[in-house]
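# Structural description and commentary
Here is how the chains run, residue by residue.
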Amino acid sequence: MDRLEGRSPKDQLMSLSQMKVGLVGVGLMGHGIGKNLIEKGFHLTVLGHRNRPPVDDLVARGATEAQDAADLARRSDVVLVCVTGSPQVEALFDGPNGILAAARKGLVVVDCSTSEPASTLRLAEELAARGGVLVDAPLTRTPAEAEAGRLNTIVGAEPEVFAQLEPIFSAYCENIFHAGGLGSGHRLKLINNFLVMGNVALIAEAIVTALRTGVDLDKLYEVVSAGALASPLLQNILPKARAGEFDGVKFQLSNGQKDLRYYTHLTETAGVASFMGEVVHQLFAQASALGFGERFIPSLIEAQAKIHGESVTAR
């Protein structure tokens, strides 16, 4: 990306629209990201996997397919990585066919995953030793917003790098937050997800307590919705749970458990006494152990109801 230095902002935008972008992780979120990049005029290369339909769709739209992560890096100016977490990101970096094997001066790798900040900093050092730059830009919202090009991203990068990448983020994001330098995006995302998961845990316990003590759930919802605790999260979860639908927040419970584990690692590193974080993490671990890990996070309600022998759905 150093080839853009010295040009006017207008010229930089024109050059960026022709930039070669690579994408790893063409799944629920990645397909929408890739589709919007193509529609905005970027040259896209994708790394395929066993789930062929989203890959084949992007290829049909004009993307090319790389053989491995190193091949993708060689073909790209900017590589977007959108996978589950740090182990998957590290696997893509390492080895003879990994990103580091093809790293060079000017290569920018953007980790859109929710990763451990400590891992992010280590990978950044390894990439910098080869002349490349790592940026953390985790995402919020759902696959539906990814398809619509309306994701949120939280970016950790130096100001000049952020400015160069902003047109790429704009291709698939509605809101772009520059959190600060490297690692800031992942730290902020973990705190954000703790707040979301913590609120889901509070809602789950309140629902089970209401059931056990004979409080009508519809009345509970009515009262809470009229007060200071009214929120889109509550509105998306409780009415649907009453109908036996636990998909009001389309984020897999096992991924929530992973993010909470990263969050507790972050608090430990920072010297924060994270009683709440540990409790919420263990609630999610318990729900996963009960078989709810592949469901969405509102199924924490199902797990708590199962433990206490209660039924959430309206009778």
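Residues numbered from 1 in each chain as written. Predicted model: local features only at pLDDT ≥ 70, side-chain atom pairs only at ≥ 80, totals over all residues. Heavy atoms only, no water.

### Some words on the overall build of the chain
Helix and strand counts for the chain stand at 14 helices and nine strands. Taking 315 residues into account, the globule formula puts the C-alpha radius of gyration at 20 Å, and the chain, at 21 Å, falls close to it. The C-alpha extent of the chain, read off along each of the three principal axes, is 65 × 45 × 35 Å. Across the 315 residues that make up the chain, the buried fraction comes to 49%. The contacts in the chain between residues at least 6 apart in sequence include a share of 65% that link residues at least 24 apart. With an accessible surface of roughly 14400 Å², the chain has 55% of that area assigned to carbon and sulfur atoms. (Helix = DSSP H or I, 4+ residues; strand = E, 2+ residues; numbered from the N terminus. Rg over C-alpha atoms; globule rule 2.2 N^0.38 Å. Buried < 20%, exposed > 50% of the residue type's maximum accessible area, 1.4 Å probe, protein only. Contact = heavy atoms within 4.5 Å. Areas by Shrake-Rupley, 256 points an atom, 1.4 Å probe, with all protein chains shown as cover.)

### Focus on the layout of surface pockets
Taken as a whole, the largest pocket spans an internal volume of roughly 1400 Å³. Residue lining of the largest pocket: 44 residues in total, with Met 29, Leu 139, Arg 141, Lys 250 and Phe 251 positioned closest to the centre. Of all the secondary structure elements, the ones that give two or more residues to the lining of the largest pocket are helix H2 (28–39), strand E7 (139–140), helix H7 (143–148), strand E8 (151–156), helix H9 (184–213), helix H11 (232–242) and helix H12 (253–270). Of the residues assigned to the lining of the largest pocket, the class counts are 20 nonpolar, 18 polar and six charged. Volume-wise, the second largest pocket comes out at about 290 Å³. Around the second largest pocket, the lining is made up of 14 residues, and of these Asn 199, Ile 203, Val 224, Leu 229 and Leu 234 lie nearest the centre. For the lining of the second largest pocket, the elements supplying multiple residues, two or more each, are H9, helix H10 (217–225) and H11. The greatest single-element share of the lining of the second largest pocket, amounting to five residues, is contributed by H9. Here the residues of the lining of the second largest pocket sort into twelve nonpolar, two polar and no charged. (1 Å grid on protein atoms, 1.4 Å probe; cavity = no way out; pocket = protein on both sides within 12 Å on 5 of 7 lines; lining within 4 Å. Points joined across faces, edges and corners; volume = space filled by probe spheres on them. Nonpolar A, V, L, I, M, F, W, Y, C, P; charged D, E, K, R; others polar.)

### What about unusual backbone geometry?
Notably, Arg 141 is not glycine yet its phi reads approximately 85 degrees, a positive angle. With respect to the helices, strands and loops of the structure, Arg 141 is situated in the loop between E7 and H7. For Arg 141, a relative accessible area of 33% gives the class partly exposed.

### Notes on empty space enclosed by the protein
What the rule picks out here adds up to one cavity of 30 Å³ or more. One number sums up the size of the largest cavity: a volume of about 40 Å³. Surrounding the largest cavity, Ala 201, Ala 204, Glu 205, Leu 283, Leu 300 and Gln 304 form its lining. Looking at the lining of the largest cavity, the elements that each hand over two or more residues are H9 and helix H14 (299–307). In terms of residue count, H9 provides more of the lining of the largest cavity than any other element does, three residues in total. Tallied by class, the residues present in the lining of the largest cavity amount to four nonpolar, one polar and one charged.

### Comments concerning the side chain of Ser 113
Residue placement: Ser 113 occurs in the loop between strand E5 (108–111) and helix H6 (117–128). A relative accessible area of 2% places Ser 113 in the buried class. From its side chain, Ser 113 meets the backbone nitrogen of Val 83 in a polar contact 3.0 Å long. A distance of 2.8 Å separates the side chain of Ser 113 from the side chain of Asp 111, its partner in a polar contact. Once you skip the residues sitting within four places of it in the chain, Ser 113 turns out to touch Val 81, Cys 82, Val 83, Gly 85, Val 89, Pro 138 and His 186. (Polar contact = N/O pair within 3.5 Å; in protein donor to acceptor, adjacent residues only side chain to side chain.)

### Focus: the state of the cysteines
What makes a disulfide is a covalent bond joining the sulfur atoms belonging to two cysteines. With the rule as written, the count across this model stands at zero disulfides. Here Cys 82 stays free of any disulfide, with the sulfur of Cys 112 as its closest cysteine sulfur at 5.6 Å. Classification of Cys 82 as buried rests on a relative accessible area of 14%. (Disulfide = S-S within 2.5 Å.)

### Points about the nonpolar core
Core analysis: the largest hydrophobic core is formed by 35 residues, its most contacted members being Ile 33, Leu 37, Leu 80, Val 110, Leu 165, Ile 168 and Tyr 172. Per-element tally for this core: the top contributor is helix H8 (residues 159–172), with seven residues. Grouped together as the second largest cluster of nonpolar side chains are 31 residues, Leu 233, Leu 234, Leu 260 and Ile 297 included. (Core = buried A, V, L, I, M, F, W, Y, C linked by side-chain atoms within 4.5 Å.)

### A look at helix H13 (residues 275–292)
The α-helix advances 3.6 residues per turn, and as a result positions three or four apart in sequence lie on the same side. Helix length check: H13, at 18 residues, gives a terminal C-alpha distance of 24 Å against a target of 26 Å (1.5 Å per residue), a fit within 8%. Residues of H13 that are buried sit in contact with H9, H12 and H14. Its side-chain oxygen at 3.3 Å from the backbone nitrogen of Gly 277, Ser 274 defines the N-terminal cap of H13. (Expected span 1.5 Å × (residues − 1).)

### Regarding helix H3 (residues 52–61)
For H3, the set of buried residues is Pro 54, Val 55 and Leu 58. All buried residues of H3 fall inside an arc of 100 degrees around its axis, so they share one side. Pointing more than 90 degrees away from the buried face of H3 are the exposed residues Pro 53 and Ala 60. On its buried side, H3 packs onto H2, strand E2 (43–47) and strand E3 (64–66). Backbone geometry just downstream of H3 places Gly 62 in the positive-phi region, at approximately 130 degrees. (Arc of directions from axis to C-beta.)

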